[in-house]
Amino acid sequence: MKNIKHSWAEPYKIKMVELLKMTSPSQRKKAMKEAGFNTFLLKSEDVYIDLLTDSGTSAMSDRQWAGMMMGDEAYAGSRNFYHLEEVVKDVYGYKYLIPTHQGRGAENILSKILIKKGDIIPGNMYFTTTRLHQELAGGKFEDIIIDEAHDSENEFSFKGNVDIEKLEKLIKKHGASKIPYVSIATSVNMAGGQPISIKNLKEVRAVTKKHGIRIIHDMTRVAENAFFIQQKEKGFSNKSIKSIVKEICSYTDGATMSAKKDALVNIGGFLAVNDWDVFEEARNMVVVYEGLHTYGGLAGRDMEAMAIGIGESVSDEHIKARVGQVIYLGEKMIEYGVPIVKPIGGHGIFVDAKKFLPHIPQDLFPAQTLASEIYLDSGVRTMERGVVSAGRKANGDNYYPKLELVRFTIPRRVYTQAHMDVIAESAASVYERRNKIKGLKMVYEPKYLRFFQARFEQL
Ligand SMILES: *Cc1c(COP(=O)(O)O)cnc(C)c1O
């Protein structure tokens, strides 16, 4: 009796189901070819298990759906806006709220307000849309994440941490006046969903405070980060996710949020700040790009679902099952010998394509190749996070990121444990025949965020 395992299980039951289409190998071959070997260009109808992203793909609760019916679709001053404002203040602690249609809407407005031409924006690893908005505003991103984050084998618990020495060097080199803010992401997406510790965040706060530099928080996955702090950081095991989330936010001056992730909605985001002057300018600018400052491109019902989703996202039971499912999948893959980024992150499994396909050089897009092979094998859709996603520098050269990954992103509350088994088995069977796999050639390349629309041919 002593060795009985106590498993986690979903803190919800299923009320409605969506039927999936099963495909044959020949159907998948045709679909992949038509999509130019880019999983972003597949029709969702041709996909069995969709792990392209955890963005906007969550299942809403019955309470959120009930909230959708409570939409106050007034052009100005919707009741749902005030509800959302209250929740953002209560859960995250930021003073002023500007809703936007999604995260990049907030990034655009914030970058335009705070960044001047020639500015430097240090951050714990780049994110595609975040860096692009910083560059379009005239700034330059500088990576200050710890070196461990670039090593897929390193098992350090907080690979999202900032290297304080790198930050201090940048401030010394450029001067604080050239640094409008430090960009801090929680659950660093491009590093594999790796968390930053409270201890490190406090150190960043101390350095920036000394120089009068703001911290802007990319809080897209702050609740998942809080879970790792609760599990792994000394002194936090008895604290609730809600209190850890609030503590994280308290060390920052403002945030951009893609509510399509943590906050359990299909569309939405916001900019939140503590500084009245920044708020005033943002409130004015949002009218140009998104909509009036009390809806920012969203319907009243969307803001209501977001307000309720934020509350659900910081429940201990929710986050334990959410990350528990991701860890379950990761451990299965490890059992099969599939090389993945360790430790397992919060929102998905990142397979190391350089290790999986060591015979394919980065110029032949190993991660892009692997994502297409997984789809061909099982109809599971994943995506590339490597040289294609990294794009080109201002001078036209490719960025060659150290990490060449395929992301298996898990939507929240959507798939079951049996789906996780099927996914791991597919990765394992492609791994078994890895030596026969050849790379891809890029035949079409769009100018911005090329990974979304680039097309390839098999070699
Ligand atoms: C998704 C995401 C964004 C951008 O948000 P969108 O809602 O897709 O515009 C910004 N930062 C991170 C870390 C993200 O994962």
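Read on for a plain summary of the structure. These numbers come from a predicted model, not from an experiment.

Okay, the sheet that holds strand β11 (residues 383-385) next. Within the open sheet, the three strands sit side by side as β9-β12-β11. Their pairing is antiparallel. Whereas interior strands pair on both sides, the edge strands pair on one side only; in this sheet they are β9 (348-352) and β11. Strand-to-strand twist of the sheet, defined as the mean angle between neighbouring strand axes without regard to direction, takes the value 35°. Strands β9 and β12 (405-409) of the sheet are contacted by helix α12 (residues 316-335), whose axis makes an angle of about 25° with β9. On the sheet, helix α14 (residues 366-378) packs against β9, β11 and β12 and is oriented at approximately 40° with respect to β12.

The next subject is the side chain of S111. Along the polypeptide, S111 turns up in helix α4 (residues 103-114). Residue S111 is classed as buried on the basis of its relative accessible area, which comes to 3%. Within the structure, S111 has its side chain in polar contact with the backbone oxygen of E107 (distance 2.7 Å). When neighbours within four sequence positions are excluded, S111 is seen to be in contact with H133, Q134, A137 and Y181.

Turning our attention to the site of the ligand. The ligand sits among 14 residues. The nearest are R104, D218, R221, S258 and K261. Here an oxygen atom of the ligand sits 2.9 Å away from a polar atom, N or O, in the side chain of Q102. Between a nitrogen atom of the ligand and a side-chain N or O atom of D218, the distance comes to 2.7 Å. Taking 380 Å² as the accessible area of the ligand by itself, protein coverage stands at 95%. When contributions to the shell around the ligand are tallied by element, the ones reaching two or more residues are α4 and α5 (128-136). Considering each element in turn, the shell around the ligand owes the most residues, three residues, to α4.

Okay, empty space enclosed by the protein next. Per the counting criterion, the structure on display carries two cavities of 30 Å³ or more. The volume enclosed by the largest cavity comes to roughly 90 Å³. In terms of lining residues, the largest cavity is bounded by W8, E10, P11, Y12, H318, A321, R322, Q325, P411, R412 and R413. The volume enclosed by the second largest cavity comes to roughly 70 Å³. Along the walls of the second largest cavity sit E107, L110, S111, T130, Q134, Y181, S183, I216, D218 and T256, which together make up its complete lining.

Tallied over the full model, the rule gives 12 aromatic pairs. Judged by centre distance (4.9 Å) and plane angle (80°), the rings of F40 and F452 are edge-to-face. Residue F40 is found in the loop between α1 (25-34) and β1 (49-50), and its partner F452 is found in the loop between β13 (440-444) and β14 (455-458); the two are separated by 412 residues along the sequence. Seen in terms of ring centroids, Y75 and Y295 are 5.1 Å apart; in terms of plane orientation they differ by 70°. Their pairing is edge-to-face. With Y75 in the loop between α2 (62-68) and α3 (79-91) and Y295 in the loop between α10 (276-289) and α11 (300-313), this residue pair connects regions lying 220 residues apart in the sequence. Through pairs of rings, three or more aromatic residues link up here, namely F40, F451 and F452. Geometry around Y399 places R131 over its ring, the cationic atom sitting 4.3 Å from the centre. Sitting above the plane of the F451 ring, R385 keeps its charged end 4.8 Å from the centroid.

About the cut-offs
- Residues numbered from 1 in each chain as written.
- Predicted model: local features only at pLDDT ≥ 70, side-chain atom pairs only at ≥ 80, totals over all residues.
- Heavy atoms only, no water.
- Pairing = 2+ DSSP bridges.
- Helix = DSSP H or I, 4+ residues; strand = E, 2+ residues; numbered from the N terminus.
- Axes fitted to C-alpha atoms, helices over the stretch in contact; angles between N-to-C directions.
- Contact = heavy atoms within 4.5 Å.
- Buried < 20%, exposed > 50% of the residue type's maximum accessible area, 1.4 Å probe, protein only.
- Polar contact = N/O pair within 3.5 Å; in protein donor to acceptor, adjacent residues only side chain to side chain.
- Near = heavy atom within 4 Å.
- Areas by Shrake-Rupley, 256 points an atom, 1.4 Å probe, with all protein chains shown as cover.
- 1 Å grid on protein atoms, 1.4 Å probe; cavity = no way out; pocket = protein on both sides within 12 Å on 5 of 7 lines; lining within 4 Å.
- Points joined across faces, edges and corners; volume = space filled by probe spheres on them.
- Phe/Tyr/Trp six-rings, centres within 6.5 Å; stacked < 30°, edge-to-face > 60°.
- Lys NZ or Arg CZ within 6 Å of the ring centre and 35° of its normal.

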